[in-house]
Every structure is written in C-alpha cells, then in structure tokens.
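A structural walkthrough
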Amino acid sequence: MTASTHPAHPRRSDATRAAILRAARERFAADGYERATIRAIAADARIDPSMVMRYYGSKEGLFAATAEFDLRLPDLTAVPSEQLGEVLVRHFLARWEGDETLVALLRAASTNPGAAERMRGIFADQLTAAVATFGTDPALTARRAGLVASQILGLALTRYIVRLPPMVDMTPEELVSWTAPTLQRYLTGLPQT
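Residues numbered from 1 in each chain as written. Predicted model: local features only at pLDDT ≥ 70, side-chain atom pairs only at ≥ 80, totals over all residues. Heavy atoms only, no water.

1. A short note on helix α1 (residues 12-35)
With 24 residues, α1 extends only 29 Å from end C-alpha to end C-alpha; this falls clearly short of the ideal 34 Å at 1.5 Å per step. The principal kink in α1, of about 80°, is found at alanine 29. Looking at α1, one finds that the buried residues are Ser13, Thr16, Ala19, Ile20, Leu21, Ala23, Ala24, Phe28, Gly32 and Tyr33. Where the residues of α1 are buried, they touch α2 (38-45), α3 (49-56), α4 (59-66) and α6 (100-109). (Helix = DSSP H or I, 4+ residues; strand = E, 2+ residues; numbered from the N terminus. Expected span 1.5 Å × (residues − 1). Bend = angle between axes of the 7 residues up to and from the residue. Buried < 20%, exposed > 50% of the residue type's maximum accessible area, 1.4 Å probe, protein only. Contact = heavy atoms within 4.5 Å.)

Rendered as structure tokens:
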C-alpha cells in the first residue's frame with residue numbers, strides 16, 4: 001500500500017498538544033492564572049511537565065495558546081456618537097476589574113511573543129469590528145481602533161500590572177472623566193494635517 005492509500009493518522013504530538021490545551025483550559029478556569037502551575041496542568045494531562053515546556057515554552061506561552069477571550073464590546077450602533085468614548089472606557093474598566101484572565105493575558109503579552117500575538121488578535125479583530133459599525137471612514141477604522149487600544153492597554157498596564165499609584169488611586173469615575181475625551185477624539189475626531 002502506498003502512503004496515499006493509508007488513512008491519515010493523527011500524529012502523537014497532536015494528541016499530546018490537545019491534551020495539554022484541554023488540561024490547561026480547565027486548570028486556568030478553576031485556579032486562575034496565578035495559581036495554576038505547569039506541574040498541575042501536566043498531571044491533569046497525564047504527561048511529564050517537560051512536555052508542556054517543550055510545546056509551549058512557558059506558562060505564559062501556554063496561557064496565550066489557551067486564551068479565548070471575548071471583549072464583549074457593546075453594540076456601538078446603539079450609542080449616541082458623542083458618548084462613544086465614555087461608553088468604551090466604562091466597558092473596559094468593568095472588563096478589567098471583573099476578569100483576571102484579561103489581566104493575566106496582558107501580563108503575559110509583555111514578555112511572551114505568543115501572548116502578545118493573542119492580545120493583538122483579540123484587539124485587532126474585536127475592536128476594529130466594533131469601531132467599523134458606527135460609520136467611521138473605512139480608511140481610518142484600523143487606525144482609530146489602534147489608538148483606542150493604545151489608551152485602553154496603557155490604562156490597564158499602569159493600573160493593573162505596574163500598579164502606578166496615581167492610576168491605582170483613581171476611582172473608575174475619575175478614570176472615565178480623564179480618558180473618555182481622548183477615546184472620543186480617537187473615535188470621531190479628524191486627524192490634524
């Protein structure tokens with residue numbers, strides 16, 4: 001029999017990777033990013049911890065591979081255009097405050113290329129699609145979304161990862177009042193020429 005007449009057999013490494021990802025998703029969901037360990041994930045997958053490291057390089061790399069994250073952005077078509085910045089700042093603050101997964105992904109993205117790629121994908125796909133819905137010039141949609149992401153990710157990095165005292169000390173209302181006008185300009189303003 002030739003190779004073309006044999007049914008395709010999945011490689012053992014594919015099964016191992018799938019077992020690791022399944023175990024990691026369950027462990028991260030149950031224990032959170034900080035408490036989950038490579039050893040526990042490997043035990044759940046019934047493999048040696050060195051195999052996890054071989055395939056994913058680090059806990060951050062593994063987390064990035066498992067992270068499926070929905071920003072749950074509001075329907076911006078239902079928001080008055082003059083309130084877009086405020087609505088997005090409030091939304092993102094609620095997401096960051098209420099879900100350690102996004103904070104863990106941001107922490108991992110600062111040092112791990114796989115996690116950074118995952119973060120880029122999440123924001124590029126979901127935020128750009130949301131910005132496109134409210135009628136912005138299609139030629140500027142990606143730029144507007146990128147600028148919004150720069151503010152939101154910067155705010156999250158300084159408040160939740162670096163824990164810069166002025167950022168941590170501000171109430172959500174103060175953060176909205178300082179940040180919303182900038183997002184509003186990014187979303188609806190015209191670039192200066």
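2. Regarding the confidence of the model for the chain
Per-residue confidence for the chain gives a mean pLDDT of 87, with 94% of residues at or over 70. Note that pLDDT drops below 50 for residues 1-7; the model gives that stretch 1 contact with residues more than four away or on any other chain. (pLDDT = per-residue confidence, 0-100.)

3. Things to note about the pattern of salt bridges
A pair can form between side chains of opposite charge whenever their charged atoms are brought close. Inspection of the entire model under this criterion finds 6 salt bridges. In this structure, aspartate 44 engages arginine 27 in a salt bridge whose closest nitrogen and oxygen atoms are separated by 2.8 Å. Pair noted here: aspartate 44 is in helix α2 and arginine 27 is in helix α1, with a separation of 17 residues, a long-range link. Measuring nitrogen to oxygen at the nearest pair gives 3.0 Å for the salt bridge that ties arginine 90 to glutamate 86. In this pair, arginine 90 and glutamate 86 are both assigned in helix α5 (residues 84-98), 4 residues apart and thus about one turn of the helix distant. Overall, the relative accessible area of 35% leaves glutamate 86 in the partly exposed class. Each member of the salt-bridge network shares a partner with another, and the members are Arg27, Asp31 and Asp44. (Salt bridge = Lys/Arg side-chain N within 4 Å of Asp/Glu carboxyl O.)

4. Digging into the layout of surface pockets
Taken as a whole, the largest pocket encloses approximately 250 Å³ of empty space. Around the largest pocket sit Leu140, Arg143, Arg144, Leu147, Arg185, Tyr186, Gly189, Leu190, Pro191 and Gln192, which together line it. Mapped by element, the contributors of at least two residues to the lining of the largest pocket are α8 (141-161) and α10 (172-188). The greatest single-element share of the lining of the largest pocket, amounting to 3 residues, is contributed by α8. A breakdown of the residues in the lining of the largest pocket according to their chemical character gives 5 nonpolar, 2 polar and 3 charged. (1 Å grid on protein atoms, 1.4 Å probe; cavity = no way out; pocket = protein on both sides within 12 Å on 5 of 7 lines; lining within 4 Å. Points joined across faces, edges and corners; volume = space filled by probe spheres on them. Nonpolar A, V, L, I, M, F, W, Y, C, P; charged D, E, K, R; others polar.)

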